[in-house]
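Chains, contacts and geometry: an overview
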Amino acid sequence: GELWLASRVTDLGGGQWWYEYALFNLNCDRGVRAFAVPMTPGTVVFGQDHHLPRYHSGEPYSQEPWRQGKKAGHMYWSSAPFHRDPMANALRWGTVATFRFKSDQPPATTTAQIELFKPGAVTHLDVATVGPQ
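Described below are features of the structure shown in this document. The structure displayed is predicted, hence computed values, not measured ones. Within any chain, residue numbers begin from 1 and follow the written order of that chain's sequence. Only residues with pLDDT of 70 or above have their local features reported here, since the model is predicted, and side-chain atom pairs are shown and tallied only from 80 upward, although totals for entire chains, interfaces and linings are computed over all residues. By convention in this description, side-chain values take in all heavy atoms of the structure and omit both hydrogens and water.

1. So, the side chain of Arg-33
Counting from the N terminus, the helices are DSSP H or I runs at least four residues long and the strands are E runs at least two residues long. Relative to the elements of secondary structure, Arg-33 occurs in strand β3 (residues 32–38). Of the polar contacts made by the side chain of Arg-33, one reaches the backbone oxygen of Ser-79; its length is 2.4 Å. Two N or O atoms form a polar contact when they lie within 3.5 Å of each other; inside protein one atom must be a possible hydrogen donor and the other a possible acceptor, and for residues adjacent in sequence the pair counts only when both atoms belong to side chains.

2. Some points on the sheet that holds strand β6 (residues 74–78)
Criterion used throughout: strands pair if DSSP finds at least two bridges between them. With antiparallel pairing, the five strands of this open sheet are ordered in space as β5-β6-β3-β8-β9. With partners counted over all chains shown, the strands left at the sheet margins are β5 (67–71) and β9 (124–132), one partner each. Averaged over all pairs of adjacent strands, the angle between strand axes in this sheet comes to 20 degrees, irrespective of strand direction. Looking at chain direction, β3 and strand β8 (residues 107–116) are connected through four bridges and run antiparallel. Residue Val-32 lies in a different strand from β8, and its bridge partner there is Leu-116. Only C-alpha atoms enter the line fits that serve as axes; for helices the fit covers just the stretch in contact. Angles between N-to-C directions range over 0 to 180 degrees.

3. Things to note about the sheet that holds strand β2 (residues 16–25)
Spatially, the four strands line up as an open sheet ordered β1-β2-β7-β4, and their pairing is antiparallel. Sheet topology places β1 (3–13) and β4 (45–51) at the edges, where each strand pairs with a single neighbour. Adjacent strand axes in the sheet meet at a mean angle of 10 degrees when their direction is disregarded. Sheet topology note: the β4/strand β7 (residues 95–103) ladder contains five bridges and is antiparallel. Residue pairing in the sheet places Phe-46 in a bridge with Lys-102 of β7.

4. Quick look at the nonpolar core
The criterion is simple. A nonpolar core is a set of buried Ala, Val, Leu, Ile, Met, Phe, Trp, Tyr and Cys residues joined through side-chain atoms within 4.5 Å. Partly exposed describes any residue whose relative accessible area lies between the buried limit of under 20% and the exposed limit of over 50%, with all areas from a 1.4 Å probe on protein chains only and scaled to the type maximum. Counting residues in each nonpolar core, the largest one holds 22 residues, and the members touching the most others are Leu-23, Phe-35, Trp-77, Phe-99 and Phe-101. Among the elements of the structure, β2, β3, β6, β7 and β8 are those that each provide at least two residues to this core. Among the elements that make up this core, the one with the highest residue count is β2 (four residues). We call two residues contacting when some pair of their heavy atoms lies within 4.5 Å. If we ignore the near neighbours within four places in the chain, the residues touching Trp-77 are Arg-33, Ala-34, Phe-35, Val-37, Asp-49, His-50, Trp-66, Arg-67, Gln-68, Phe-99, Arg-100 and Phe-101.

5. Brief notes about the pattern of salt bridges
Salt bridge, as applied in this entry: a Lys or Arg side-chain nitrogen positioned within 4 Å of an Asp or Glu carboxyl oxygen. For the structure on display, the rule yields four salt bridges. A salt bridge links Glu-115 to Arg-33, with the shortest nitrogen-to-oxygen separation between them at 2.9 Å. Here the residue Glu-115 occupies a position in strand β8, and Arg-33 occupies one in strand β3, the gap between them amounting to 82 residues. For Glu-115, a relative accessible area of 26% corresponds to the partly exposed category. With relative accessibility at 8%, the residue Arg-33 sits in the buried group.

Here it is as structure tokens:
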């Protein structure tokens, strides 16, 4: 299936940048359970947030927001893994999630990580984008 990632960085002035990412699951049946943007040590991040689709009309999926924070040198967002909750709030096909934060570091080319929800031989995808460096 296909996943599309778009990114935008806005210079807010005063040494602050606003990072925004939109991750669209066009038709990937395995879905997405996590998104991570790397950053150099000492990078200050604040104002992080995300928006996920709201399931409705009897869909059985969780509405639980993803956990977010800094983890192992990344700004990281994640749902529960498939083995713990097959109905977790993963990014399923035909939906988009957005992620955003402010940082004290200017943008540079980097490699974000997309972790897939359902089990399979490939557990994550690396994708070129921009992030604080």
